[in-house]
Structures are given as C-alpha cells and as structure tokens.
Amino acid sequence: MLKNISLRDPVIWVALLAAIYLAVLPMSSTIALRRLSMLLLLLVLSWHFLKTRTLPALPIPVWLWAGYLLVFPLVSSDPAVAWESLGKQWGMGLLAMLIGAGAAQRLSPYRFGTSLQLGLLSCITILVHLYLFASKSWETSSIPWNYWGRETHHADLGYAAGQAVILLAASLVAYKKPAKTAAIVLIFACLASTALARSRAGLAFSVVGGILVFATAFWSRSKTQKKQVLTLLGGLLLVSVAIVGIAAKTDSRWRNMESNMTSGLLGNALEIQCFGTGSVEQQIIEKYGAGDKSKRVIESVDGGDGSRVVLFRSGIALMLKHPWGIDGSRQSYKKLLRQECPNPAIDMAHAHNGWIDTALAIG
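None of the values given here were measured: they were computed from a predicted structure.

Q: It is not clear to me how the confidence of the model for the protein chain should be interpreted in this structure. Could you clarify?
A: Where the model shows low pLDDT, its predicted coordinates should not be examined in detail. With 83% of its residues at a pLDDT of at least 70, the protein chain reaches an overall mean of 79. Ignoring residues within four places in sequence, the model shows residues 1–5, a span with pLDDT below 50, making eight contacts including any to other chains.

As structure tokens, this is what we get:
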C-alpha cells in the first residue's frame, strides 16, 4: 500500500495530520478544527493544481447542485436566512465536495487508488471505538453494550461507519489482494462498531451503502466479475444478518421494531404531531389489546420508533405542501410544522431524515 508514496508530497502530510486528528479527537465538538483542516487541505490542493496547471474534475451533478444553491436564496421565502444558510452548511458542503474531488484526483496515481486510503482514514474513529470498547470490556469483565467510547452520541460512529463502508466496498470491487483482505476486515469492524454502540441507523445505512456500491458494480462488470460481486454482496448480507441477530438478543428495540413502526403508519401524521396520539390510541388498543403492549406501542408513537415513522410521513406531507422548501435553514421542519400548529404536542427539531430535511429546506 505504501508503494510510490513520497513524503515530499504535501497531500500525504495533510492525510497524516488528518489521521492524527481523527485518532486523537472525538467527532463531536470539533467544528473549528474541522474547518481548519479543510482550509489546510484546500491550500495544499490549490498549490498543487496551480503548480500543475490543472483543475479538479467535478461531475456535472455537482455543478448543477452548486448552481441551484446559488440561485435558491433569490427565490426563497426568506432570502436573508437563505443567504446565511448558504454561507454555513450548504457552502461548507460545496467546499467539501471540491476538496474531496481534488484529493481523490491527487491520490489516484498511488497504489490501490483513493477509495481504500480514504476508507482507512474514515475507519480511524471506528478503530478507536473498538479499542476503547475492548478496554472497557476487559475492565468490567462484561460486554458494555451501548458504550460509545469517546463519542457523545452513537450517530457519530454511524456517520463514520457508513462513509467508510461505501469507500471500502468500492475497494473490494476495484482492487485485488491485499486490498480486498484489508477492506473486508475494516467493513466487518464498521458493522461491529455500530452494533456494539447500538446505532441501528448507523448499521442500516452502512449495509445499504455497501449494497448500493455492489449493485452499481454488478451492472458494469463482465459475467465472471458479476459472480465475484454477487459473492461479496452475499457475504455482506450474511455478516449483517448475523450481527443483527446477535444485537437483537441484547436490544429489545430490534425485536419490537415491527409493531412499533407499523403503528406509526396509523392516523394522520400531522394531526399526531400537532395534537398527540389520542387519535390513534383506540386503534392500537383494538389491535394489541388493553395491556402493556398497547401502552408500549403508544409510547413508541409518542417518542420512539413509531414516532420516527410519523415524522417521516409528516415530513413528506409538508414536502408536498412546500415543494420549493422554505429558507435553507436547519430548522425548516420545525418552522413548517409551526405553520400547521403553533404548539405541537410532539415537538421535534427536525424530521430525523436527511433527505426530507434537505427537501424542506431547499426544495
């Protein structure tokens, strides 16, 4: 993996600094350092492309996305907030895309290309978590389920794992040994980390991300290569099912997901958000009986898995009412819900779904 890597290359030094940063600091509460790292990498890449008189290759969808974001404040319902949002999360996102494209182009000549190297960097947070988890397990002589290590929320581990699995899955279909072996081990580490931290969404999105990579590769490969991709896909699904099976034995949320989530499909979603679960409680009691199970399911609709389904449905309902979004802010869901009812009974800051939140923000 180290073949052809020159320590004279400033991009390598930035990558080493990024590795140290990821290994030493938690994912949360490091916004300033993240922006400083982006600035440093942007300066290094700018120096490289000016020296070589080239430009990073950006896909057409990225250019279209950038154009839309620049035009959106002009048609927004609140241009002042929209411009502010562009300068914050949307502008930083565009900058990250530019830096990512430049880094990928710069690292591509190295052995094994970019995906394995960036996948390994993305895994550093996961490997730190697994080390701390193993240490905690040794100290307590037990398995510390739901232990997040240095992170303040399991979602941070889920984000890192999802990104890493996508990059590592790309390595699996693009390269040979020992890259394949390293990628397989690291993918397993990512899935294990999310399961041990009880990050169900992190585990789900990691698996879905890997499946999407393999599905894309399947349609672009020869007949012989398609068999290899199907083998990799089967292995990913087998390992995922095994990990979920183990996690379900210690986490009742996995076992109760079916009843909790299907109950979130009952009634009018916006009405539940505004006025509470009263409109669906009788339906739940008729389905599960007047006992503890009905009580648990009603509580889930109020603030558990069922509530996530209600949020999903109410988010879609708001999307249909506001197809062009509102003002680009992170609080778009909350603002639009308050247009339906000033004091919602189930008050959520966002829709807990990135796609819906994005659509409500900018259309």
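Q: What's the story with the state of the cysteines in this structure? I'm lost.
A: For the structure on display, the rule yields one disulfide. One disulfide bridge connects cysteine 274 with cysteine 341, the sulfur atoms lying 2.1 Å from each other. In this structure the cystine formed by cysteine 274 and cysteine 341 twists about its S-S bond by roughly -80°; its chirality is therefore left-handed. With a gap of 67 residues between them, cysteine 274 in helix H12 (residues 269–275) and cysteine 341 in the loop between helix H16 (332–340) and helix H17 (354–362) connect regions that are remote in the sequence. Its relative accessible area of 8% is what places cysteine 274 among the buried residues. Looking at the unpaired cysteine 123, the closest cysteine sulfur is the one in cysteine 190, lying at 3.5 Å. For cysteine 123, a relative accessible area of 1% puts it in the buried group. A residue is classified by how much of its surface remains accessible, and cysteine 190, at 0% relative accessible area, is buried.

Q: What am I meant to see in the nonpolar core here?
A: Among soluble globular proteins, nonpolar side chains are generally buried collectively. With 29 residues, the main nonpolar core has Leu168, Cys190, Leu191 and Phe214 as its most contacted residues. Secondary-structure elements contributing two or more residues to this core are helix H5 (115–140), helix H6 (154–174), helix H7 (179–196), helix H8 (200–219) and helix H9 (223–250). Counting residues per element, this core draws most heavily on H6, at nine residues. Apart from residues no more than four positions distant in its own chain, leucine 168 is found in contact with Leu116, Gly119, Leu120, Cys123, Ala183, Leu186 and Ile187. With 23 residues, the next largest nonpolar core counts Ile272, Ile284, Ile298 and Leu311 among its residues.

Q: Is there a simple way to think about the environment of serine 137 in this case?
A: Relative to the elements of secondary structure, serine 137 occurs in helix H5. Placed ten residues apart in sequence, serine 137 and tyrosine 147 show a C-alpha to C-alpha distance of 9.7 Å. If near-sequence neighbours (up to four positions away) are discounted, serine 137 is found in contact with Ser142, Ile143 and Pro144.

Q: Please clarify how the packing of aromatic side chains should be interpreted in this entry.
A: Tallying each qualifying case throughout the model produces three aromatic pairs. For the pair phenylalanine 133 and tyrosine 147, a centre-to-centre distance of 6.3 Å together with 50° between the ring planes defines the contact as tilted. Of this pair, phenylalanine 133 sits in helix H5 while tyrosine 147 sits in the loop between H5 and H6, and the two are 14 residues apart along the sequence. Relative accessible area serves as the criterion here: at 6%, phenylalanine 133 is assigned to the buried category. For tyrosine 147, a relative accessible area of 23% puts it in the partly exposed group.

Q: Can you walk me through the environment of threonine 216 in this structure?
A: Relative to the helices and strands, threonine 216 is located in helix H8. On a C-alpha basis, the gap between threonine 216 and alanine 170 in space is 9.8 Å, while along the polypeptide they are 46 residues apart. Polar contacts involving the side chain of threonine 216 include one to the main-chain carbonyl oxygen of leucine 212, which spans 2.8 Å.

Q: Any chance you could explain the environment of glutamine 89 here in plain terms?
A: Topologically, glutamine 89 is positioned in helix H4 (residues 79–107). When the C-alpha positions of glutamine 89 and arginine 330 are compared, they lie 8.7 Å apart, and in sequence the two are 241 residues distant. When neighbours within four sequence positions are excluded, glutamine 89 is seen to be in contact with Gly328, Ser329 and Arg330.

About the cut-offs
Residues numbered from 1 in each chain as written. Predicted model: local features only at pLDDT ≥ 70, side-chain atom pairs only at ≥ 80, totals over all residues. Heavy atoms only, no water. pLDDT = per-residue confidence, 0-100. Contact = heavy atoms within 4.5 Å. Disulfide = S-S within 2.5 Å. Helix = DSSP H or I, 4+ residues; strand = E, 2+ residues; numbered from the N terminus. Buried < 20%, exposed > 50% of the residue type's maximum accessible area, 1.4 Å probe, protein only. Core = buried A, V, L, I, M, F, W, Y, C linked by side-chain atoms within 4.5 Å. Phe/Tyr/Trp six-rings, centres within 6.5 Å; stacked < 30°, edge-to-face > 60°. Polar contact = N/O pair within 3.5 Å; in protein donor to acceptor, adjacent residues only side chain to side chain.

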